[in-house]
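Remarks on the overall topology
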Amino acid sequence: MVTRKSRQEIEKMRRAGRVVAEVLALVESELRPGVTTGHLDELAERHIRRSGGTPSFKGYGDRRNPFPASLCISIDDEVVHGIPGSRTIRDGQIVSIDAGAIVDGWHGDAARTFVVGEPADDVRQLIDTTRLSMMAGIAAAVPGARIGDISAAIEDVAAPHGYGIVRQFVGHGIGTEMHQEPQVPNYRAGPRGMELVAGICLAIEPMLTLGSHEVAVKPDGWTVVTKDGSLAAHFEHTIAVTETGPQILTTV
Ligand code: MG
């Protein structure tokens, strides 16, 4: 079921979103060669808890294999859901960081791909295009439009570059749970889907690759990688559809 949030509820989500945005800024400031992904995760969890929140991702999922950390950190050909740990970040890598926080029962969810050092031109373009496709998707999230208009806007930015548009993972409704209805594909998935009305909150999150759209899950049960080993980028914001247009909630 798709829930519409009241203005007050959107303000609560904005508080969670601010914590998430702060976490991404904090992690960016610490991202350099030699740092471990586990260290970044510790910083993130500390900031979330100090802000009165709880990490959305920690303990998420199947009870037999819950996600063990507060951030998803996905490097190079890893698309999403990489597990932080003892791994050290190296110069030249691209690092996708996804953060989620619950504050007073409401979720915020956002992600960005960072480069460590100087990226090659094609890698820079992949990252820029992924961010721009997200922004195009956000701009399409207006009352009266449909979910499929968001999908089409994302695809229209990504497709001319020939990038793989990951299909197996999609954006989603968000609120008192991290994942709610509706799903928000990053490509034209068929019917245009439900109509958007004020109060609908969505996480819009394109994942693009330099190769094919096909992905696989590693034996850890979480880390999603491109099947062809190509590099991948991921951007995400939590937004609210309002009468005056889309509002990004995961911002400071
Ligand atoms: Mg998400």
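Residues numbered from 1 in each chain as written. Predicted model: local features only at pLDDT ≥ 70, side-chain atom pairs only at ≥ 80, totals over all residues. Heavy atoms only, no water.

Another aspect to go through is the packing of helix H3 (residues 121-139) against helix H4 (residues 147-158). Where H3 meets H4, the closest approach of the two axes is 8 Å, and the angle between their N-to-C directions is 155°. Considering the angle they form, H3 stands roughly antiparallel to H4. The element H3 and its partner H4 pack so that their crossing is right-handed. Residues Thr129, Leu132, Ser133, Ala136 and Gly137 of H3 form the contact with H4, whose participating residues are Ile150, Ala153, Ile154, Val157 and Ala158. Taken together, the residues that form the contact of H3 with H4 break down as seven nonpolar, three polar and no charged. (Axes fitted to C-alpha atoms, helices over the stretch in contact; angles between N-to-C directions. Helix = DSSP H or I, 4+ residues; strand = E, 2+ residues; numbered from the N terminus. Parallel < 35°, antiparallel > 145°, perpendicular 65-115°, else oblique. Left-handed = near helix turned anticlockwise from the far one by under 90°. Contact = heavy atoms within 4.5 Å. Nonpolar A, V, L, I, M, F, W, Y, C, P; charged D, E, K, R; others polar.)

Applying the stated rule across the entire model yields one aromatic pair. Seen in terms of ring centroids, phenylalanine 67 and tryptophan 222 are 5.2 Å apart; in terms of plane orientation they differ by 85°. Their pairing is edge-to-face. Of this pair, phenylalanine 67 sits in the loop between strand E1 (54-55) and strand E2 (71-75) while tryptophan 222 sits in the loop between strand E11 (215-217) and strand E12 (224-226), and the two are 155 residues apart along the sequence. You can call phenylalanine 67 buried: its relative accessible area is 3%. For arginine 167, the ring lying beneath its charged end belongs to tyrosine 187, and the centroid distance is 4.0 Å. (Phe/Tyr/Trp six-rings, centres within 6.5 Å; stacked < 30°, edge-to-face > 60°. Buried < 20%, exposed > 50% of the residue type's maximum accessible area, 1.4 Å probe, protein only. Lys NZ or Arg CZ within 6 Å of the ring centre and 35° of its normal.)

Attention shifts here to the coordination of the magnesium ion. Protein-derived ligands of the magnesium ion are Asp109 (OD), His172 (NE2), Glu205 (OE) and Glu236 (OE), with the metal-ligand distances lying across 2.1 to 2.4 Å. All donors of the magnesium ion come from a single chain, and their spacing in sequence reads D-x62-H-x32-E-x30-E. Placement of aspartate 109 in strand E5 (residues 106-115) and of glutamate 205 in the loop between strand E9 (201-204) and strand E10 (207-209) is noted, with a sequence separation of 96 residues between them. (Donors = N, O, S within 2.8 Å, 3.2 Å for Na, K, Ca; no water.)

In this structure, the amide linkage connecting glutamate 181 to the following residue, proline 182, adopts the cis form with an omega of 0°. Here proline 182 lies in strand E8 (residues 180-184). For histidine 81, which is not a glycine, the phi torsion comes out positive at approximately 70°. Along the chain, the position of histidine 81 falls in the loop between strand E3 (78-80) and strand E4 (94-103). Here the phi dihedral of aspartate 104 falls at roughly 50°; this positive angle occurs in a residue that is not glycine. Structurally, aspartate 104 can be placed in the loop between E4 and E5.

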